[in-house]
Amino acid sequence: MNYTGSYSIFEMENGVPTYGYDLAQAVKDGYLVDYMSVETVLKFIEQGISYDELSDEEKEEYEDTFEDEDGNLPEKISSSAINTWLFNEDTIRQVLDIVMKDSLKVNYGEMIGKTIIFAKNHKHAEKILEVFNKEYPHLAKNNNGQAFAKVIDNYMTYSQSAIDEFSDSKKMPQIAISVDMLDTGIDVPEVLNLVFFKKVMSKAKFWQMIGRGTRCCPGLIDGEDKSKFYIFDFCGNFEFFRMGEGKKAVTRMALQGAIFNLMFQIVYKLQDIKYQTDRLMEFRKSLVDAVVEKVKELNRENFAVRQHIKYVDLYSKAENYNAISYEDTLLVREELAPLVLPDNDEATAVRFDALIYGLELAQLAGEKYGKLKTDLIKKVKGIASVANIPEIVAQKELINTILHTDYVERAGIDEFEHIRENLRNLMKYIPRNQVRYDTDFTDDILSYEWNESELENDDLKNYKAKAEFYIHQHLDNAVIAKLRTNQPLTRLDIESLEKILWSEVGSQEDYEREYGHKPLGELVREIVGLDMNAAKEAFAEFLDDTNLDSRQIYFVNQIVEYIVHNGMMTDLSVLQESPFTDQGSVVDIFTDLSVWAGIRKVIDGINYNAGVM
């Protein structure tokens, strides 16, 4: 069970995190600690800055700051600008004052406990640190040369050593101001306070961030065990999710995890026979080695990693990459990519890696990559604009080739890799012409509330979450195993499912309120999917048929991958969309309709075995 908030493919449905249910149980069982939220609404973060509501002195500052050369003055600065390109000192001062005053303390109340402040961006993090050092100079200077508060993000040269120092209860910093790097994956039991100074749009990501404070820690507070931690929320995150908002986290993966996922997908695509050239085989091997190394770097003692240990074991061995499947790409994306540790690499170089790997994958998948190409050209133009730098001059020929020929249009994997390897370390030189304003208008606290945790709210008692949680904790159940391996169900099997879903998890009324009259087997199959081997066995007649051409085999493989992921195929209209139509329509590909009829019969049989009549 994923108590710390790491999530798997099985733990998100309509924004409901089943690991929230796990966390509630873990707290109840004493494995993790509960929290209290301190929810504060600041006027500027909530409403923006309105000129008419400022004092006369502040209006003068506003005019000096925002009036353009034509004398135009905006009536209001929107709330979205706060901590993006406008940094208001008093807003940050108010936040720090609440945190420093009301946080959980150690050393008999003399010192704030280990605290993570989640900042919006690097400039915001630096501004928080600047204001902190100005407001608390005695802490900034009296720690034997060690910083009491420190920014930890991808702009650091030695970010991992900074994380290690923060993770050591005997070392500074006591306050880590983080941009993404400490949101997930770290394991610091001494953390007593989390500060949300940014909005979080993903509910799964929100719970992952909360997980940074859940670890037990004996004797932490003056000999007493850690029994709770505080969450200071200044951006309305709790209220946002109470209203049922939030986006699925699948599109919000940390950058290093996203790169890991791209590399794995490229490894999968490069298995195709058309890529079995010496150069591409060597490239695939280098990617496998890199991916394996990232998996091996995971701390097996880390609580989040332990929840995915079977996948860590599987994908930490290069020999297990010899024949990976589409199902492997799904598992890696959901189970391992979110755990991957950031490199001590320059952030702009890492972002460039992600761009180029995205181009490579798009090419392998036969997809258009217009925006990615545009982004590449824009970055190359950026470094070309500062070509007086010796490192850039050394790459003059490649830069001119990219900008003044059709090199990118004709590029294959080799060419994209050549671009990545030679230009990635030049990205840091691209000029940054972002607008930034620093102000010090007086902000106001509109509300300030202490709330007990919401681990037992309706969201976490949701029948759907419990049903899915139960099913994935009982994959060895005989009936569930039958559904996963495409074996037909008996009447006794259906009765067994009725007992589970209509008695143990909830009532029949609960089930029908969530799922209507959907057959029980269909629901379970949708949740667990279909085993890849079972799917291939079902379609073996067609996959092994030497009379089928490459387009027909491609089409069948797409059906296999779809059913593995979705459990069945009840809506055949999906066959009129990509990727099924990438090489032609059903009618174009299967001119002999008897072949298509045989494939359709297999699909119907798989559906039938799940109880879909």
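Quick notes on the rules
- Residues numbered from 1 in each chain as written.
- Predicted model: local features only at pLDDT ≥ 70, side-chain atom pairs only at ≥ 80, totals over all residues.
- Heavy atoms only, no water.
- Salt bridge = Lys/Arg side-chain N within 4 Å of Asp/Glu carboxyl O.
- Helix = DSSP H or I, 4+ residues; strand = E, 2+ residues; numbered from the N terminus.
- Buried < 20%, exposed > 50% of the residue type's maximum accessible area, 1.4 Å probe, protein only.
- Expected span 1.5 Å × (residues − 1).
- Contact = heavy atoms within 4.5 Å.
- Pairing = 2+ DSSP bridges.
- Axes fitted to C-alpha atoms, helices over the stretch in contact; angles between N-to-C directions.
- Lys, Arg positive; Asp, Glu negative; His and termini not counted.
- Polar contact = N/O pair within 3.5 Å; in protein donor to acceptor, adjacent residues only side chain to side chain.
- Phe/Tyr/Trp six-rings, centres within 6.5 Å; stacked < 30°, edge-to-face > 60°.
- Core = buried A, V, L, I, M, F, W, Y, C linked by side-chain atoms within 4.5 Å.
- Parallel < 35°, antiparallel > 145°, perpendicular 65-115°, else oblique.
- Left-handed = near helix turned anticlockwise from the far one by under 90°.
- Nonpolar A, V, L, I, M, F, W, Y, C, P; charged D, E, K, R; others polar.

### Let's talk about the pattern of salt bridges
Piece 1. The final tally for this structure, using the stated rule, is 28 salt bridges.
Piece 2. Glu-89 is paired through a salt bridge with Arg-93; the nearest N and O atoms lie 3.4 Å apart. Note that Glu-89 and Arg-93 are positioned in helix α4 (residues 89–102) at a spacing of four residues, about one turn of the helix.
Piece 3. The class for Glu-89 is buried, based on a relative accessible area of 10%.
Piece 4. One salt bridge connects Lys-518 with Glu-526, and the closest N-O pair in it is separated by 2.9 Å.

### Some thoughts on helix α11 (residues 278–297)
Piece 1. Between its first and last C-alpha, α11 extends 29 Å over 20 residues, near the 28 Å set by a 1.5 Å rise per residue.
Piece 2. For α11, the set of buried residues is Leu-280, Phe-283, Arg-284, Leu-287, Val-288, Val-291, Val-292, Lys-294 and Val-295.
Piece 3. The elements touched by buried residues of α11 are α10 (255–269), α13 (309–315), α14 (326–336), α15 (347–364) and α20 (413–423).

### What to know about the sheet that holds strand β10 (residues 149–152)
The strands making up a sheet associate through backbone hydrogen bonding, with each pair oriented either parallel or antiparallel.
Piece 1. Strand order in the open sheet formed by seven strands is β10-β11-β9-β12-β13-β3-β15, with mixed pairing between adjacent strands. Every interior strand has two partners, whereas the edge strands, β10 and β15 (445–452), have only one. Across the sheet, the mean angle from the axis of one strand to that of its neighbour is 20°, orientation sign disregarded.
Piece 2. Looking at chain direction, strand β9 (residues 114–118) and strand β12 (residues 191–196) are connected through five bridges and run parallel. Within β12, the residue paired with Ile-117 across the bridge is Val-195.
Piece 3. Against the sheet, α4 makes contact with β3 (34–42), β9, β11 (175–178), β12, β13 (228–233) and β15, and its axis sits at roughly 30° relative to β15, the strand it touches most.

### Focus: the environment of Asp-414
Piece 1. Mapped onto the elements, Asp-414 comes out in helix α20.
Piece 2. Sequence separation between Asp-414 and Phe-283 is 131 residues, and the spatial gap between their C-alpha atoms is 8.7 Å.
Piece 3. Beyond its immediate sequence surroundings of up to four residues, Asp-414 is in contact with Arg-279 and Leu-280.

### Focus: the side chain of Arg-525
Piece 1. As for its placement among the helices and strands, Arg-525 is situated in helix α25 (residues 520–528).
Piece 2. The side chain of Arg-525 is buried and forms no salt bridge, while Glu-522, the nearest opposite charge, is found at 9.6 Å.
Piece 3. Among the polar contacts listed, one links the side chain of Arg-525 to the backbone oxygen of Leu-483, at a separation of 2.7 Å.

### Quick notes on unusual backbone geometry
Piece 1. Put simply, Met-172 and Pro-173 share a cis peptide bond, and its omega is 10°.
Piece 2. By the element assignment, Pro-173 lies in the loop between α7 (159–167) and β11.
Piece 3. Positioned with a positive phi, Asn-107 is a non-glycine residue whose angle comes to about 55°.
Piece 4. You can call Asn-107 partly exposed: its relative accessible area is 43%.
Piece 5. Within the chain, Asn-486 stands out as a residue other than glycine whose phi angle is a positive 70°.
Piece 6. Inspection of the secondary structure assignment puts Asn-486 in the loop between α22 (478–484) and α23 (491–504).

### Brief notes about the packing of aromatic side chains
Piece 1. Taken as a whole, this structure holds 25 aromatic pairs when the rule is applied.
Piece 2. Each ring, one from Tyr-51 and one from Tyr-62, has its centre 5.2 Å from the other, and the planes form 55°; the classification is tilted. One end of the pair, Tyr-51, is in the loop between β4 (49–50) and α3 (56–66); the other, Tyr-62, is in helix α3, with 11 residues separating them in the sequence. The exposure classification of Tyr-51 matches that of Tyr-62, with both residues buried.
Piece 3. Aromatic side chains Phe-555 and Trp-596 sit 6.2 Å apart centroid to centroid with 85° between the ring planes, which places their arrangement in the edge-to-face category.

### With respect to the pairing of β9
Piece 1. Counted residue by residue, β9 has five buried out of five residues, so it is predominantly covered.
Piece 2. Burial along β9 is two-sided: the face carrying Lys-114, Ile-116 and Phe-118 and the face carrying Thr-115 and Ile-117 are both buried.
Piece 3. Looking at chain direction, β9 and β11 are connected through four bridges and run parallel. Residue pairing across strands places Thr-115 opposite Ile-175, the latter belonging to β11.

### Some details on the nonpolar core
One recurring pattern in soluble globular proteins is that nonpolar side chains are buried together.
Piece 1. Among the nonpolar cores identified, the biggest contains 50 residues, and Ile-49, Phe-132, Ile-175 and Ile-177 are the most heavily contacted of them.
Piece 2. Top element by residues in this core is α4. It accounts for six residues.
Piece 3. The contact partners of Ile-175, leaving out residues within four places of it in the chain, are Met-100, Ile-112, Thr-115, Ile-117, Phe-132, Phe-148, Ala-149, Lys-150 and Phe-166.
Piece 4. Ranked by size, the runner-up nonpolar core spans 36 residues in total, among them Met-263, Phe-283, Tyr-311 and Leu-331.

### A word on the packing of α4 against helix α5 (residues 122–135)
Piece 1. Taken N-terminus to C-terminus, the directions of α4 and α5 make an angle of 65°; their axes are 10 Å apart at the nearest point. Classified by the angle their axes make, α4 and α5 are roughly perpendicular. By crossing handedness, the relation of α4 to α5 is classed as right-handed. Seen from α4, the contacting residues are Glu-89, Ile-92, Arg-93, Leu-96 and Met-100; seen from α5, they are His-124, Lys-127, Ile-128, Glu-130, Val-131, Phe-132, Lys-134 and Glu-135.
Piece 2. Among the residues making up the contact of α4 with α5, the classes are represented as six nonpolar, one polar and six charged.

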